[in-house]
Amino acid sequence: MAAFLFFLVCSLLISQMPCTQPAAAPTALVAPIQLDAATSLYTMKLVPPSPSGNSPLMLDLDNSNLWRDCVDPRPYSSPTFKPLLCNDTAACASAFSCTSNICGSAGCYDTCNEVGLAFPACSNYTCSTWASITAIKNTMNTAVWWDTIALPSTDGRQALSKVTIPRFAFVCTDNTLLKAGEGKLPRGVVGTAGISRGAIALPSQISSKIPTIARKFAYCLPSTASSSGPIFFGDGPYVFQPGIDVSGLLRYTPLISFSKQADSYFIQVKSISVAGVSLPINQSMLTIRHDKPSRSYVGGTRFSSSVPYTQLAPSIYTVLASAFKKAAIASGIKPVTPVSPFDLCFDASTAYQTRVGYNVPLIEIALEGKGKSKTEVWQITGVNSVVSVNDRVFCLAFRTTDEYEERSIIIGTHQQQNGFFQFDLAAKRLGFISTLLSMRTTCTAFKFT
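Residues numbered from 1 in each chain as written. Predicted model: local features only at pLDDT ≥ 70, side-chain atom pairs only at ≥ 80, totals over all residues. Heavy atoms only, no water.

Notes on the overall build of the chain
Within the chain, the regular secondary structure consists of seven helices and 33 strands. Summarising the internal contacts of the chain: among those between residues at least 6 apart in sequence, 68% fall at separations of at least 24. A total accessible area of about 20200 Å² is found for the chain, and carbon and sulfur atoms account for 54% of it. (Helix = DSSP H or I, 4+ residues; strand = E, 2+ residues; numbered from the N terminus. Contact = heavy atoms within 4.5 Å. Areas by Shrake-Rupley, 256 points an atom, 1.4 Å probe, with all protein chains shown as cover.)

Next comes the structure, spelled out in structure tokens:
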């Protein structure tokens, strides 16, 4: 009715003035995610006039900002490129540790003189924060700037017109970080797209700049490098061809907060089972707790976009691998000599393929649901539990954590591929679908064009 009345009024006035209907404010934005086969890392692309231009950025769940190399191969320039100065205390406090009554302490100082970076990676008296690459565990302190970014809007079914966001806080570095990751990072990347819970990470900053976009994002990681999957900023619908809206199929588990400095995504695992048999796991390892001797928080489970295969504390990995091997042998699947970097591998000719991968034992992760008595189960089928290393052999796609890792479980990207995950920062919950393959669709079935 509203559209009809608008048309009627326009018709009556058309001889006097042009009449155009105002565009509705966007409720969601979308960007393509791509797998880099050489590194198993994921990248995403903004669109010009974003600081990254047409170049890819590494997707990073643990990173708290958007940063790019502003020096190499040539200095970054833009007509809307301005430093976030120390006296802009509210914005600087969001970026780092300045407060309205303390400017000149950590996070706000004469960056060029103290850090020694060349323009435009810094400017005197800018707010500063950390830029990092989680995949190689490198971090540097540098300056924060304003500029315009752009992303396509979406109705959940396809990518639509471009939306520009002015005065978007991002971080400039010199080439130190990318040089440190040379050979370990996707070719062509110019920085990182941080999608953590941080105040100037993409989800929170997009929502604060465009109030019609909810403070949440969702992604679907493709399993091949040849096609892209989507990352949505905002609410659903989230529609994959041939017209499957997955937004109403999500199950939810709480996102855990245990420290104001912890911007990553943590969930509560209650138990793990293989082929229906619960694993004997020390329950204290599954909960994040404060360790007095180390003065740090240990245990629990973290989602990662930088770890290719889920990592388990050695005691958890041992019981999982043992139970998986026992159940696989019982179903006629034959173990073979392990292929590095994996410890447990099988003869592919003794298994068969299904819509959701090899017919290997089902791994189920029980997660805390709504209310502590309720449980939501994440099922990991063959397509996500094993990986083919050649035509004849597939291996259990889990590894052990290193000795310095504080978390007991780090959920890797192989286990997330072709699943769907919504990170709702406002409601503090993770929505998930174990796999889209059982619905006869995939991450690459979103319509970008």
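From this point, things continue past the structure.
Side note on the nonpolar core
In this structure, Phe217, Tyr219, Ile231, Phe233, Ile272, Phe303 and Phe423 are the most contacted members of the largest nonpolar core, which totals 77 residues. If near-sequence neighbours (up to four positions away) are discounted, Phe233 is found in contact with Thr27, Ala28, Leu29, Met44, Leu151, Ile195, Leu202, Pro203, Ile206, Ile213, Lys216 and Phe217. Core analysis: the second largest hydrophobic core is formed by 19 residues, Leu41, Cys92, Val144 and Leu185 among them. (Core = buried A, V, L, I, M, F, W, Y, C linked by side-chain atoms within 4.5 Å. Buried < 20%, exposed > 50% of the residue type's maximum accessible area, 1.4 Å probe, protein only.)

Let's talk about helix α5 (residues 202-209)
Burial within α5 is extensive, with six of its eight residues counted as buried. Listing the buried residues of α5 in full gives Leu202, Pro203, Ser204, Gln205, Ile206 and Ser207.

Section: the environment of Trp378
Within the secondary structure, Trp378 sits in strand β27 (residues 375-380). Along the chain, Trp378 and Ile433 lie 55 residues apart, while their C-alpha atoms are 7.7 Å from each other. Dropping the residues within four chain positions of it, Trp378 is found in contact with Phe303, Ile363, Glu364, Ile365, Leu367, Ile411, Gln415, Phe421, Phe432 and Ser434.

Considering the pairing of strand β7 (residues 138-154)
With 15 of 17 residues buried, β7 lies mostly within the body of the structure. Here two bridges tie strand β5 (residues 82-83) to β7, and the two strands are oriented antiparallel to one another. Counted as the bridge partner of Pro83 is Trp145 from β7. Sheet topology note: the strand β6 (residues 128-133)/β7 ladder contains six bridges and is antiparallel. Following the sheet pairing, Trp130 is matched in β7 by Asn141. Linking β6 to β7, which pair antiparallel, is a turn of four residues; within it Lys137 sits at a positive phi near 55 degrees. Bridging between β7 and strand β8 (residues 159-173) involves ten bridges; their strand directions are antiparallel. Residue pairing in the sheet places Pro152 in a bridge with Lys162 of β8. (Pairing = 2+ DSSP bridges.)

A closer look at the sheet that holds strand β22 (residues 335-336)
Pairing is antiparallel in the open sheet, where four strands are placed in the order β22-β23-β29-β28. Unpaired on one side and paired on the other, β22 and β28 (386-388) mark the two borders of the sheet. Where β22 meets strand β23 (residues 345-347), two bridges bridge the pair, whose relative direction is antiparallel. In the sheet register, Pro335 faces β23, and the bridge partner there is Phe346. Along the sheet, helix α6 (residues 314-330) makes contact with β22, β23, β28 and β29 (393-396), crossing β23 at roughly 10 degrees. (Axes fitted to C-alpha atoms, helices over the stretch in contact; angles between N-to-C directions.)

Focus: the environment of Arg157
Tracing the backbone shows Arg157 in the loop between β7 and β8. Look at Arg157 and you get partly exposed, because its relative accessible area is 48%. Remark: the alpha-carbon pair of Arg157 and Gly236, spanning 79 residues in sequence, is separated by 9.3 Å. If we skip the residues at most four places from it in the chain, Arg157 touches Pro237, Val239, Phe446 and Lys447.

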